[in-house]
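# A structural walkthrough
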Amino acid sequence: MVFRFDSMARATFSLLTSLLCVGGELIVLGLDYLGVVTVLMMTIEMAVMAVFMIMFMMNPAGLMPMTMMHNRRGAAVICALTFALLVAGILLAPWPRRRGRAPADPTLDLGNALMGPHMLTMTTLGMALFATIVSTVVLATRRGRYDRFGDELRAARPDDPVRGGVGR
Amino acid sequence: MNLELFLITAAALFCVGLFGALTQQSIVMLMMGLELMLGGVILAAGAAWHHIAPGSVDGQVLIVVAITAMAVEMAIGFAVVTALFRSRELDMTDMAAELKE
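Residues numbered from 1 in each chain as written. Chains lettered and ligands numbered in written order. Predicted model: local features only at pLDDT ≥ 70, side-chain atom pairs only at ≥ 80, totals over all residues. Heavy atoms only, no water.

Tallying secondary structure elements over chain B gives 3 helices and 0 strands in all. When the elements of chain B are put in sequence order from the N terminus, they spell out α-α-α. Taking contacts inside chain B between residues at least 6 apart in sequence as the whole, the part at least 24 apart equals 63%. Split by element, the accessible area of chain B, about 3,700 Å² in all, is 68% carbon and sulfur. (Helix = DSSP H or I, 4+ residues; strand = E, 2+ residues; numbered from the N terminus. Contact = heavy atoms within 4.5 Å. Areas by Shrake-Rupley, 256 points an atom, 1.4 Å probe, with all protein chains shown as cover.)

Further remarks concern the UniProt feature "transmembrane region" (unreviewed entry) in chain A. Residue and element names in this part refer to chain A. If you check UniProt for "transmembrane region" (unreviewed entry), the listed places come out as residues 33–54, 75–95 and 115–140 in our numbering. For residues 33–54, helix accounts for 100% and strand for 0%, while the C-alpha atoms at its two ends are 32 Å apart. Secondary structure across residues 75–95 comprises 86% helix and 0% strand; the distance between its end C-alpha atoms is 30 Å. (UniProt positions renumbered as here; feature names shortened; annotations may be inferred.)

All names here are of chain B. Looking at the element boundaries, Met1 is found in the segment before helix 1 (3–23). By relative accessible area, which is 60% here, Met1 ends up exposed. Distance from Met1 to Leu18, taken between C-alpha atoms, is 25 Å for residues 17 residues apart in sequence. Setting aside its immediate chain neighbours within four residues, Met1 contacts Phe6, Thr9 and His51. (Buried < 20%, exposed > 50% of the residue type's maximum accessible area, 1.4 Å probe, protein only.)

Okay, here's the thing in structure tokens:
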């Protein structure tokens, strides 16, 4: 339903519903912590997404029926083929039998792994998140270095009509 | 539900997301497709952890990586949309195609 609605709010809430179902299925599978994290994160994420859709989309309320798709038939063929391939692989693959037993507290195991043998993963994720924070601020800020420095990008001080910093 | 049903559900989510990512003209709707695809990956990883190797934490770590990828994709995507809209007042992928020239 996500890509069938004209209304942005309906599309966002149907996406939220599907991702909440993913979180719920994680809880059913015994991953309580990751399921709850998914549910909470997706709720906030979809709220932010709804704001952005209203800001940037041409028909946010869906009052004017219109299609916003291109290459619909080609994409449908690609997706159908991908789905058929994935289902064939899922049904034909010799899945191994269940090994081991689920721990009493999977969250404790995850925390220990991320702080121990999987520390490299945690470090990489931390650096990626930090780079994301810096990149998003740089991309979203209104004044770039060309606005502040003009043609003299190597100048010691920016030729900026609005002084920045704490002591402005 | 057995492993195959979970994985087929995950594959369906992934393919619906792929359809959205390939067809949508709006950049924000395209990002919704990517979110759905990552949702499918999360579901498949959770099912594989539960049905194949619950004693190992690798499936859970993959879920953490996918959740982080979702957050990063959304943040960077919205920042790029904001920057594109500020510079050229465009919000559609077709209009952004001229950036490659």
